[in-house]
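What follows is each chain in one-letter form.
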Amino acid sequence: MTTYSMPDDRGHFGRFGGIFVAETLMRPLRELTAAYEHYMKDPDFLKEFDDDLRHYVGRPSPLYYASGLSERYGSNIYLKREDLNHTGAHKINNTIGQALLAKRLGKTRIIAETGAGQHGVATATVAARLGLECVVYMGAEDIDRQAPNVYRMKLLGAEVVAVESGSRTLKDALNEAMRDWVSNVEDTFYIIGTVAGPHPYPVMVRDFQSVIGREAREQIQEQAGRLPDALVACVGGGSNAIGLFYPFVDDKDVDMYGVEAAGDGIETGNHAAPLCAGKVGVLHGNRTYLMEDNAGQITETHSISAGLDYPGVGPEHAWLKDSGRANYVAVTDDEAMEGFHDITRIEGILPALESSHAIAYAKKLAPKLGKDGIMLINLSGRGDKDIQTVAALEGVEI
Amino acid sequence: MSRIKKRFNQLASQGRKALIPFVTAGDPSPGVTVPLMHEMVHAGADLIELGVPFSDPMADGPVIQKANQRALAHNVSLADVLGMVEDFRQADKETPVLLMGYLNPIEVMGYETLADRCVSAGVDGLLIVDMPPEEADEFNQLLYQREVDPVYLLAPTSTEERMELVSRAARGFVYYVSIRGVTGSANLDYDEIGTQIESIRQHGSLPVGVGFGINGPESAVKIGQHADAVIIGSAIVNRVEASRDNPDAILTNIGDFLREVRQALDDMPAMEQA
């Protein structure tokens, strides 16, 4: 069905991706790859995954024509409502898939890293349901700004470990989860929440998330009678964006826009936009675009959105950028906040700050597409978790 | 012949075990490293493993993570570490120096530039934690041509197939990670280590060093009964941290500690040696 065939059998997307980890993890990764390849062809596994997505997550998620926002921005906007999934974001699609794999591999303990807490909640959720022990690593700074999600994870029975090293955000949580995995490889399954990490994670997470794009591709043709002119999704590690983009990769007339976090502005250096302003390097098991200094040290990132506050990006995005298939752009914290308020007031949908970046870019893209144009935005998560951050920004006490 | 190979040959002919201390370059400050390297040689080190600071040392436990942060507070870069080895070589032309680090700073410098600078600075080997042999073909060719030894890790999780792969790609010695864990972890299983080292030896003739979790004379001797080299990292870095405001004390404390370990290794009854 597709002419696109990335990655190769060792996880390379052109020069990106691969497996760059310490020796201890080489065998577990190989075992994981074998299990993943086996079960993705196993009808029983696929049926269980589909059933869970349907009856537990609530899929298919709606594709909603946002008439008010369309009118305001001047182009036709459809929203893929991943915010309506169980736990409130796209993250659960992937954690269901990986937890089912963990179960089949006989692992009894699940670990995960989380930034905004959405992936942590989604992981704690599936662990609770399957009766698996669950430890979530979260940067201490993120714990402060995502308190509701921290409490949700605890209610679900997960242990949340505050990571105090480095910049105390998502990248450090990932380091700490890797260290845990190295120390407990025999009984532990590491559920990575994004399309980064060593092979097979980028391809595995993509495949679990691509249900987003498969549904959206059918829905838009049903509702609009044709494919969209553009796809728009926010990119931190890039899992919601790949999930939307991948099923459209061979539709050459569909433009793809990945929206990174420009934070205070790319020119200030305080951002989290490695595709727009980074360099190629190796971090967390794969070669990709990174935020780094001239000596190759990873630099601290800034975004209003904890889920985008990551110095790397999935290697497939790096490949899609270099090959010219997708475009990567960035919007600032302020622009994202405008998008947040627009969609809340006009559509009655309170989006995650991550997803607000996609909305903000839609505003810029709309005039180029015009009133007959169609864009499909991945509304990757809901914003309840962010109301404290938003209130604090606006000087409101709640 | 590389300095590392020459050193292991010498030790084998004397029936001695190699003692390899690890310190993070630039910890707690750049001026300490070269004098500390000389002191470690005086105290009985056969080879020095020098850590290149990195912002995200994923395979390291808290002790070496903090050492990386202390060095990075002084902006110690890969280029600076090469400079330290060059300084060290002014007075010591014999003791092999192995750089241990992570790939990203190397990618920034460039493989060929680093390979050349290893030769000019007097670096004898490279251990890149997050670069398995599968991803290292191009870099290894550059290193082999210059007789700079790529040293690879093997671990308790390594299969026979990986032992074969690593034994073919590695030069100098093979570094066996004694535990499933990060640097500085505890609880060594000496029987498992012995068995694994025997398996590794089936795949090649390189000496085998063991590290991660060796913290003093007693564990060093137990490891020395199986391995050709004993590598001590966190136990030394702990001593750097303890005296971080007093460079003289760092040298004295680490020198005393290494002399103890050296003595214990040299006193090992010959019959117990592998």
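Small disclaimer: the values here were computed from a predicted structure and weren't measured. (Residues numbered from 1 in each chain as written. Chains lettered and ligands numbered in written order. Predicted model: local features only at pLDDT ≥ 70, side-chain atom pairs only at ≥ 80, totals over all residues. Heavy atoms only, no water.)

Draft legend 1. Seen up close, unusual backbone geometry. All names here are of chain A. That bond from Arg-59 to Pro-60 is cis: its omega, -5 degrees, falls within 30 degrees of zero. Within the secondary structure, Pro-60 sits in the loop between α2 (43-57) and β3 (63-65). Omega for the peptide link from His-199 to Pro-200 comes to 15 degrees, which places this bond in the cis form. With respect to the helices and strands, Pro-200 occurs in the loop between β8 (188-190) and α9 (201-209). Even without being a glycine, His-284 presents a positive backbone phi close to 50 degrees. (Helix = DSSP H or I, 4+ residues; strand = E, 2+ residues; numbered from the N terminus.)

Draft legend 2. Local environment of empty space enclosed by the protein. Taken as a whole and assessed by the stated rule, the structure comprises 8 cavities of 30 Å³ or more. Lining the largest cavity we find 28 residues, and of these His-90, Lys-91, Gly-307, Leu-308 and Glu-354 of chain A sit closest to its centre. Those elements that provide at least two residues to the lining of the largest cavity are β5 (109-114), α5 (118-130), α8 (170-183) and α11 (239-245) of chain A. When grouped by side-chain class, the residues that make up the lining of the largest cavity number 8 nonpolar, 16 polar and 4 charged. Roughly 90 Å³ of volume is contained in the second largest cavity. Considering the residues around the second largest cavity, the lining is formed by Phe-20, Val-21, Ala-22, Leu-25, Met-178 and Val-182 of chain A together with Met-58, Ala-59, Tyr-102, Val-129 and Asp-130 of chain B. Looking at the lining of the second largest cavity, its residues break down into 10 nonpolar, no polar and 1 charged. (1 Å grid on protein atoms, 1.4 Å probe; cavity = no way out; pocket = protein on both sides within 12 Å on 5 of 7 lines; lining within 4 Å. Points joined across faces, edges and corners; volume = space filled by probe spheres on them. Nonpolar A, V, L, I, M, F, W, Y, C, P; charged D, E, K, R; others polar.)

Draft legend 3. The pattern of salt bridges, seen in detail. Applying the stated rule across the entire model yields 47 salt bridges over all chains. The salt bridge partner of Asp-46 of chain B is Arg-262 of chain B, with a shortest N-O separation of 2.7 Å. In this pair, Asp-46 of chain B sits in the loop between α2 (30-42) and β2 (48-51) while Arg-262 of chain B sits in helix α12 (residues 247-266), placing the two residues 216 residues apart along the sequence. Pair check on accessibility: Asp-46 of chain B and Arg-262 of chain B agree, each one buried. With its nearest N and O atoms 3.9 Å apart, the salt bridge here joins Glu-241 of chain B to Arg-70 of chain B. Within this pair, whereas Glu-241 of chain B is found in helix α11 (residues 234-242), its partner Arg-70 of chain B is found in helix α3 (residues 62-72), the two being separated by 171 residues in sequence. Across this residue pair, the class does not change: Glu-241 of chain B and Arg-70 of chain B are buried. Residues joined in a network through salt bridges with shared partners are Arg-27, Glu-31 and Glu-186 of chain A together with Arg-180 and Glu-192 of chain B. (Salt bridge = Lys/Arg side-chain N within 4 Å of Asp/Glu carboxyl O. Buried < 20%, exposed > 50% of the residue type's maximum accessible area, 1.4 Å probe, protein only.)

Draft legend 4. Quick peek at the nonpolar core. Residues and elements named next belong to chain B. Leu-99, Leu-126, Phe-139 and Phe-173 are the most contacted members of the largest nonpolar core, which has 107 residues in total. Examining the composition of this core, we find that 8 residues originate from one element, α12, more than from any other. When neighbours within four sequence positions are excluded, Leu-126 is seen to be in contact with Leu-98, Leu-99, Leu-114, Cys-118, Phe-139, Leu-143, Val-148, Asp-149, Pro-150 and Val-151. (Core = buried A, V, L, I, M, F, W, Y, C linked by side-chain atoms within 4.5 Å. Contact = heavy atoms within 4.5 Å.)

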